[in-house]
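Fold and geometry: a report
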Amino acid sequence: MRNMQISISEKSLTDLKNWFANYVHTFQYNEPEKQQNIDLKKDHTLRVCKEISNIGNQLGLNDDQLRLAEIIALLHDIGRFEQYARYDTFRDSSSENHAELGIRIIEKFGLLKSFDNTIKNIILRAIKYHNRLSLPLEESETCLFYSKLIRDADKLDIWKVVIDNYYRHEENKNGALELELPDTPGFSEEVYNELINKNIVNMKHIRNLNDYKLLQAGWVFDINFQPTLDCIKKRRYIELIQGVLPESKKIDKVFEVIHASYLN
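Everything numeric in this text was worked out from a predicted model, so none of it was measured. (Residues numbered from 1 in each chain as written. Predicted model: local features only at pLDDT ≥ 70, side-chain atom pairs only at ≥ 80, totals over all residues. Heavy atoms only, no water.)

Describing the overall build of the chain
Rule in force here: Every helix listed is a DSSP run of H or I at least four residues long, and every strand listed is a run of E at least two residues long, numbered separately from the N terminus. Using C-alpha atoms as the atom set, the radius of gyration is obtained and then compared with a globule rule of 2.2 Å times the number of residues to the power 0.38. When accessible area is computed with a 1.4 Å probe and restricted to protein chains, residues below 20% of their type maximum are described as buried, those above 50% as exposed, and intermediate ones as partly exposed. It only takes one pair of heavy atoms within 4.5 Å for two residues to be counted as in contact. The method behind every accessible area is Shrake-Rupley, applied with a 1.4 Å probe, and residues are considered shielded solely by the protein chains displayed.
Of the regular secondary structure elements, the chain holds 12 helices and zero strands. Reading the secondary structure of the chain in the N-to-C direction produces α-α-α-α-α-α-α-α-α-α-α-α. Here the chain has a C-alpha radius of gyration of 18 Å; the compact-globule value for 264 residues is 18 Å, and the two agree. Overall size of the chain, expressed as C-alpha extent along the three principal axes, is 55 × 45 × 30 Å. Within the chain, the fraction of its 264 residues that count as buried is 52%. Sequence separation of 24 or more characterises 67% of the internal contacts of the chain that already satisfy a separation of 6 or more. Accessible surface, the chain as shown: approximately 12,700 Å² in total, 46% of it carbon and sulfur.

Next comes the structure, spelled out in structure tokens:
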């Protein structure tokens, strides 16, 4: 991957950042709650750009490779704004796949027309794969590398956002971040079994908010780079998620498995 010739100018990145700011500004709402959710996704994107640059720097990427990573981060959730405007939700299963919607928006605006096909395809495929349960095996080494980068950076910031929300007072919580899931007791046996076996939980098993929190804790099984794991430990994300789950021997067992996985 490191030997692949990547050439991306600072101007190309700056132009896309300017386009992003202008595009997001077209989604304006008079209702504070709706505007808050647009701002939430804008701020998330900008932080993921910082996260991916931080990981990339620690992995020794050069300036061109870092710019490519940041472009992927900048555009990875571009479909979220149209999704929310059209469906009033961030839940893909209740609307449409936001990654695929994002690719259509990128192509509609011709955002990558200045790049050669190799670079363009890496960007589009990394965005396409960023929210999948798992990555395809038949992809190129370069595509998989950047796909893993965006998946790690994205998770780091999603953890921050959802954990901040879980620890807010009830009246200040954002239902959109919790996918409007019911905050009912217990959790699904399917979720428990997947995590005990160190598998990523499929959204189809999610019945309530506890399931969703457990799914998020289980993301550690899909972390690809040591700098990402170091951030998870430093920020205590896993411990903070466990702190908002009910006390249960089964949940304790899940977190024993999770800790053994990401601490090693």
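What to know about the pattern of salt bridges
A pair can form between side chains of opposite charge whenever their charged atoms are brought close. Note the following rule: Salt bridges are defined as contacts in which a side-chain nitrogen from Lys or Arg sits within 4 Å of a carboxyl oxygen from Asp or Glu.
Throughout the structure, instances matching the rule amount to 18 salt bridges. Note that Lys17 is salt-bridged to Glu70, the shortest N-O span being 3.0 Å. Taken together, the residues Lys17 in helix α1 (residues 10-25) and Glu70 in helix α3 (residues 63-75) connect sequence positions 53 residues apart. Glu70 gets classed as buried once you look at its relative accessible area, which sits at 15%. Residues Asp157 and Arg47 are paired through a salt bridge, measuring 2.6 Å at the closest nitrogen-oxygen approach. Residue Asp157 is found in helix α7 (residues 141-166), and its partner Arg47 is found in helix α2 (residues 32-58); the two are separated by 110 residues along the sequence.

Description of helix α5 (residues 98-108)
Filter applied, for reference: Polar contacts here mean pairs of N or O atoms no more than 3.5 Å apart (in protein, one a potential hydrogen donor and the other a potential acceptor; neighbouring residues in sequence count only if both atoms are side-chain atoms).
Taken together, the buried positions of α5 are occupied by His98, Ala99, Leu101, Gly102, Ile103, Ile105 and Ile106. Where the residues of α5 are buried, they touch α1, α3, α4 (79-87) and α6 (117-129). In this structure Asn97 caps α5, since a side-chain oxygen of it lies 2.8 Å from the backbone nitrogen of Ala99. Backbone geometry just downstream of α5 places Gly110 in the positive-phi region, at approximately 60°.

Some remarks on the side chain of Asn210
Take Asn210: it is sitting in helix α9 (residues 209-217). With a relative accessible area of 5%, Asn210 lands in the buried category. Setting aside residues no more than four positions away along its own chain, Asn210 makes contact with Thr184, Pro185, Gly186, Phe187, Leu245 and Pro246.

Some thoughts on the nonpolar core
Put simply, the test is: We call a set of buried residues a nonpolar core when its members are Ala, Val, Leu, Ile, Met, Phe, Trp, Tyr or Cys and they connect through side-chain atoms within 4.5 Å of each other.
Among the nonpolar cores identified, the biggest contains 82 residues, and Trp159, Ile232 and Phe255 are the most heavily contacted of them. In terms of residues, this core owes the most to one element, α7, which gives 10 residues. In this structure, Phe255 is in contact with Leu214, Ala217, Ile238, Ile241, Gln242 and Leu245, ignoring residues within four places of it in sequence.

Focus: the packing of aromatic side chains
The geometry of an aromatic ring pair is captured by two quantities: the separation of the ring centres and the angle between the planes. As a reminder of what qualifies: Side-chain rings of Phe, Tyr and Trp, where Trp is taken by its six-membered ring, are said to pair if the distance between their centres is within 6.5 Å; with planes under 30 degrees apart they count as stacked, over 60 as edge-to-face, and otherwise as tilted. A ring is scored as having a charge over it whenever the NZ atom of a lysine or the CZ atom of an arginine sits within 6 Å of its centre and within 35 degrees of its normal.
Here the structure, examined in full by the defined rule, presents 13 aromatic pairs. Both rings, one in Phe27 and one in Phe81, keep their centres 6.0 Å apart while their planes meet at 35°; by these two values the pair is tilted. With Phe27 in the loop between α1 and α2 and Phe81 in helix α4, this pair connects stretches of sequence that are 54 residues apart. Here Phe27 falls in the buried class, since its relative accessible area comes to 9%. Measuring from centroid to centroid gives 5.3 Å for Phe145 and Tyr146, while their planes differ by 90°, and the two rings are edge-to-face. For Tyr146, a relative accessible area of 0% corresponds to the buried category. Among the aromatic residues, those joined into a cluster by ring pairs are Trp19, Phe20, Tyr23, Phe27, Phe81 and Phe109. Cation over ring: Lys41 sits above Phe90, and NZ or CZ is 4.8 Å from the ring centre. Positioned above the aromatic ring of Tyr166, the side-chain terminus of Lys213 is 4.8 Å from the ring centre.

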